[in-house]
Amino acid sequence: MVILGALLLVGIAVFLILQPVLSGKEAPLESAEKDPSDAQFRKRVSLLQLRDAEYEYAMGKLNEEDYLILRKAISAEALAAIREEEEEASGGDEAVDDSGDAELEEEIAKVRARLKGGVFCSECGFPNGPGSRFCSECGSPLQVSHPSVAS
Ligand SMILES: [Zn+2]
């Protein structure tokens, strides 16, 4: 009985899959699964680089001058990628608005907030999230940097 039920289900599934083909309406295969576009990939890479630069600057591995130059270059790349992605999404005819800037600013704000409230490991330098007591990279106990004097 169980086998019969399974066979019936398989039969229904096959029917449902074949139905559009049989009725002449072939499902467009290319729109079924959309690969991340080149622009999306570049945006991701840029944002990751931006994060790295923020971390390295916060850890003192980058001086301010280098950091600003690096940030400017990466931001320009990220913005270009965001604009390109929006053009791809809108078909390319639409006027470019500044939501790309907003998106980027939001990402930067998130990184900043994490750096501000976060705790850097004194052993390995890993940036741990706010309120962390142990390094999630190496497990060392973290010194809580912000002065939270017991009231
Ligand atoms: Zn660590």
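Heads up: the structure comes first, above all this text.
On a predicted model such as this, the values are computed, not experimentally measured, just so you know.

The rules behind each value
Residues numbered from 1 in each chain as written. Predicted model: local features only at pLDDT ≥ 70, side-chain atom pairs only at ≥ 80, totals over all residues. Heavy atoms only, no water. Helix = DSSP H or I, 4+ residues; strand = E, 2+ residues; numbered from the N terminus. Buried < 20%, exposed > 50% of the residue type's maximum accessible area, 1.4 Å probe, protein only. Contact = heavy atoms within 4.5 Å. Areas by Shrake-Rupley, 256 points an atom, 1.4 Å probe, with all protein chains shown as cover. Expected span 1.5 Å × (residues − 1). Polar contact = N/O pair within 3.5 Å; in protein donor to acceptor, adjacent residues only side chain to side chain. Donors = N, O, S within 2.8 Å, 3.2 Å for Na, K, Ca; no water. Tetrahedral: all angles 85-135°; square planar, octahedral: opposite > 155°, others 65-115°. Core = buried A, V, L, I, M, F, W, Y, C linked by side-chain atoms within 4.5 Å.

Caption draft 1: Seen up close, the overall build of the protein chain. For the protein chain, the helix and strand inventory stands at 5 helices and 2 strands. For the protein chain, buried positions account for 23% of its 151 residues. Put simply, of all contacts in the protein chain between residues at least 6 apart along the chain, 40% involve residues at least 24 apart. Roughly 11300 Å² of accessible area belongs to the protein chain as shown, and the carbon and sulfur atoms make up 58% of that amount.

Caption draft 2: Inspection of helix H4 (residues 64-90) at higher detail. With 27 residues, H4 extends 38 Å between its outermost C-alpha atoms, agreeing within 8% with the 39 Å of an ideal straight helix rising 1.5 Å per residue. Of the residues making up H4, those classed as buried are Tyr67, Ile74, Ser75, Ala78, Leu79, Ala81, Ile82 and Glu85. Where H4 begins, the capping side chain belongs to Asn63, and its oxygen is found 3.2 Å from the backbone nitrogen of Glu65.

Caption draft 3: Expanded view of the coordination of the zinc ion. Bound to the zinc ion are the protein donor atoms Cys121 (SG), Cys124 (SG), Cys135 (SG) and Cys138 (SG), situated 2.3 Å from the metal. In this structure, the zinc ion is coordinated by 4 donor atoms arranged in tetrahedral fashion, with angles at the metal of 106 to 115°. Written as a sequence motif, the donor residues of the zinc ion are C-x2-C-x10-C-x2-C. The class for Cys121 is buried, based on a relative accessible area of 5%. Among the residues examined, Cys124 registers a relative accessible area of 41% and is labelled partly exposed.

Caption draft 4: Main features of the nonpolar core. Judged by nonpolar contacts, Leu47, Leu50, Ala53, Leu62, Tyr67, Ile74, Ala78, Leu79, Ile82, Leu104 and Ile108 together constitute the single largest core of 11 residues. Mapped by element, the contributors of at least two residues to this core are helix H3 (38-58), H4 and helix H5 (99-117). For this core, the leading source of residues is H4, giving 5 residues.

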